[in-house]
Amino acid sequence: MRLSVLLLSICAACVSAAGTTIIRVRTVDGSVLRVPLPDDGSSSTISSILNTAGIDLNAADSDGKGSLKCQVGPPGRQTDVLDLSPNGKDRDTTAEELGLKHGSMITILPPPMPKKKEAQVTSTVEEDENNNRFDPFPDLAKSISFSAANRRARALSRGVSRGMTYGDISRVRSTMHTVEHQPTGALNRVYVCQVGAARFQNHCVVQSKKKKPKGNTTKKGQDLNTIENRVALLFGTINKERVDQSRKVARTSLSTSREDQKMCEVAKVHAIWEPPLQKPMINGKHYDEGCLLSTYIGNAQDAPAKETATDRAIRVAGWLGLQPVGWIFSYADEDRHEDGDALPVHGRDAVVGAKLQIETMKLKGRDEGRKFITLTLDGRIGAAEAFQLSDVCVQMVAENVLSPPIVDEKLQSTRFMTLKDPVVVSGEETKRLDSVLLLVNTAMLSHVGLYSGGTNAPIGGNVKKTSGALLGKTRKRILAALEKKDGSEALSELCDFDVLLAIDALIGKEESEKLCLLVRKYARGQKKGTVINEHLKLTLRSVLGE
């Protein structure tokens, strides 16, 4: 009995509602309103339908202009957009003209997102940085960072139910750098001055001020010396030589001419210059890269009012026919060689080397400046290794994708770097990068640099380690050589970059340039006829005898 009554009531409700047309209105917040149309609903305008649903057609956006718009159908469907602004032409369109039927939906479109002032300032700053940025490798440069591209894509997809499309995701991914192992660099091999490397390692050893205990209290093999890590700039030349340096083979008329053999570019280090007044951090565990970066970076820009020590070194090196070809740093970390997979160059070192290479590329041009070497030296035993930085590493440092890690008291290993923007490694996105992917192995050979002082030079050098001033015994030795009739001994004593740089600080630039040109001719083998004139001798006696 109750079931029959319920069925009769439902049928009555359906018969009463059969003559009413229901239109659904979807608001901006996603809620759906149902508006019944009268019997003559086909003549109802869209403005009257929305007024019945409680939609304010005179609402204005943040610019003060009414811009209410809607479309017939659910969101995302490609249909004509109706302008319902006060002066819009679609306000009086009837339901019949729009083809509205029972159950049709009208979607109110959200207003355009207002541009925030902060976003405008941020985008302007980013655009200025990108416009003023020097790209060492333009083919690898990204016009916009991953963070900025991701923010922009999310802002554009806001208010759209479908979110970011595959095209948007692909465009954002294209802003990531692809880090791969680079097999070769600009240089095939590097010749390191053995005298300069030994002197650099000697300067890293600091004798302890503690007195050695008497008796047998000192353990066998105990070393009271400590290691203070240092940094230096490499000056040398870029030369071409044959890739195959094997001994000569018997030649016949059918042999290939030697000019057709493959050539390669090599770097020859003739002088290792240590910036004065270095202050290693954390009790000497980390080198002071600031003493080099602060004076080397910006060297290609406007010259400062006062010439720095690095500027003087580059100027004197130019008179000797040398140019910056790399840098060297020492380390004494136990974790760099604790296992077979250990690496002497960590992320912090790669960032410093990339900054120096970028400035060298500004100074010498992209083609010449990219021939830059990173040397590592174990301060405890003097073992050295040579590397080049990959092109993508240098470009990422230029774009601030690789930021230098903070040096703390713990001096944690930075072989695995945590990035602020992801990169693509082996087809996967990651923010944790192994520093080994940033390096290019480079063959290293030994030789004696032209301006190292020769194999007979003191192991500690001819100048003071802290200030770079001449030692007293060096002054006496040069003065004694100047008294001899044969000037070759004096020129031989002056074939030391540190000595020439110290003398440059005592005499004028004109006399210093003449002296460097004489030493350059003598060091390159033009010994006959190369003598120091009386004017230069008098100048040297006056400044060295003080």
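Note: the structure precedes this text.
So, how was this worked out
- Residues numbered from 1 in each chain as written.
- Predicted model: local features only at pLDDT ≥ 70, side-chain atom pairs only at ≥ 80, totals over all residues.
- Heavy atoms only, no water.
- Core = buried A, V, L, I, M, F, W, Y, C linked by side-chain atoms within 4.5 Å.
- Buried < 20%, exposed > 50% of the residue type's maximum accessible area, 1.4 Å probe, protein only.
- Helix = DSSP H or I, 4+ residues; strand = E, 2+ residues; numbered from the N terminus.
- Contact = heavy atoms within 4.5 Å.
- 1 Å grid on protein atoms, 1.4 Å probe; cavity = no way out; pocket = protein on both sides within 12 Å on 5 of 7 lines; lining within 4 Å.
- Points joined across faces, edges and corners; volume = space filled by probe spheres on them.
- Nonpolar A, V, L, I, M, F, W, Y, C, P; charged D, E, K, R; others polar.
- Pairing = 2+ DSSP bridges.
- Axes fitted to C-alpha atoms, helices over the stretch in contact; angles between N-to-C directions.

Looking at the nonpolar core
Line of reasoning, step 1. Counting residues in hydrophobic clusters, the biggest one holds 78 residues, and the most contacted among them are Phe 235, Met 396, Leu 402, Leu 433, Leu 494 and Phe 497.
Line of reasoning, step 2. Here this core gets 7 residues from one element, more than from any other, and that element is helix H10 (residues 347-364).
Line of reasoning, step 3. Ignoring any residue separated from it by four or fewer positions in sequence, one finds Leu 494 in contact with Ile 478, Val 499, Leu 500, Ile 503, Leu 515, Val 519 and Ile 532.
Line of reasoning, step 4. Ranked by size, the runner-up nonpolar core spans 18 residues in total, among them Ile 23, Val 35, Leu 50 and Ile 55.

A closer look at the environment of Leu 538
Line of reasoning, step 1. Inspection of the secondary structure puts Leu 538 in helix H17 (residues 534-544).
Line of reasoning, step 2. On the basis of relative accessible area, Leu 538 is assigned to the exposed category, the value being 58%.
Line of reasoning, step 3. For the pair formed by Leu 538 and Leu 482, sequence separation is 56 residues and the distance between their alpha carbons is 9.5 Å.

As for empty space enclosed by the protein
Line of reasoning, step 1. If you walk through the whole model with that rule in mind, you get 3 cavities of 30 Å³ or more.
Line of reasoning, step 2. Put simply, the largest cavity is a space of about 60 Å³.
Line of reasoning, step 3. In terms of lining residues, the largest cavity is bounded by Phe 137, Gln 182, Gly 185, Ala 186, Gln 357, Arg 370, Phe 372, Gln 388, Leu 389 and Asp 391.
Line of reasoning, step 4. Of the residues in the lining of the largest cavity, the class split is 4 nonpolar, 4 polar and 2 charged.

A word on the sheet that holds strand S13 (residues 384-389)
Line of reasoning, step 1. Here 8 strands make up an open sheet; going across it, the order is S16-S13-S12-S11-S9-S10-S6-S17 and the pairing mixed. The sheet is open, and its two borders are formed by strand S16 (439-441) and strand S17 (443-447), each paired with just one other strand. Between one strand axis and the next, the sheet turns by 35 degrees as a mean value, whatever way the strands run.
Line of reasoning, step 2. Direction of pairing for strand S11 (residues 323-331) relative to strand S12 (residues 373-378): parallel, over a ladder of 6 bridges. In the sheet register, Gly 326 faces S12, and the bridge partner there is Ile 373.
Line of reasoning, step 3. Packing of helix H7 (residues 194-204) onto the sheet brings it into contact with strand S6 (189-193), strand S9 (231-242), strand S10 (263-273), S11, S12 and S17, and relative to S6 it is tilted by some 60 degrees.

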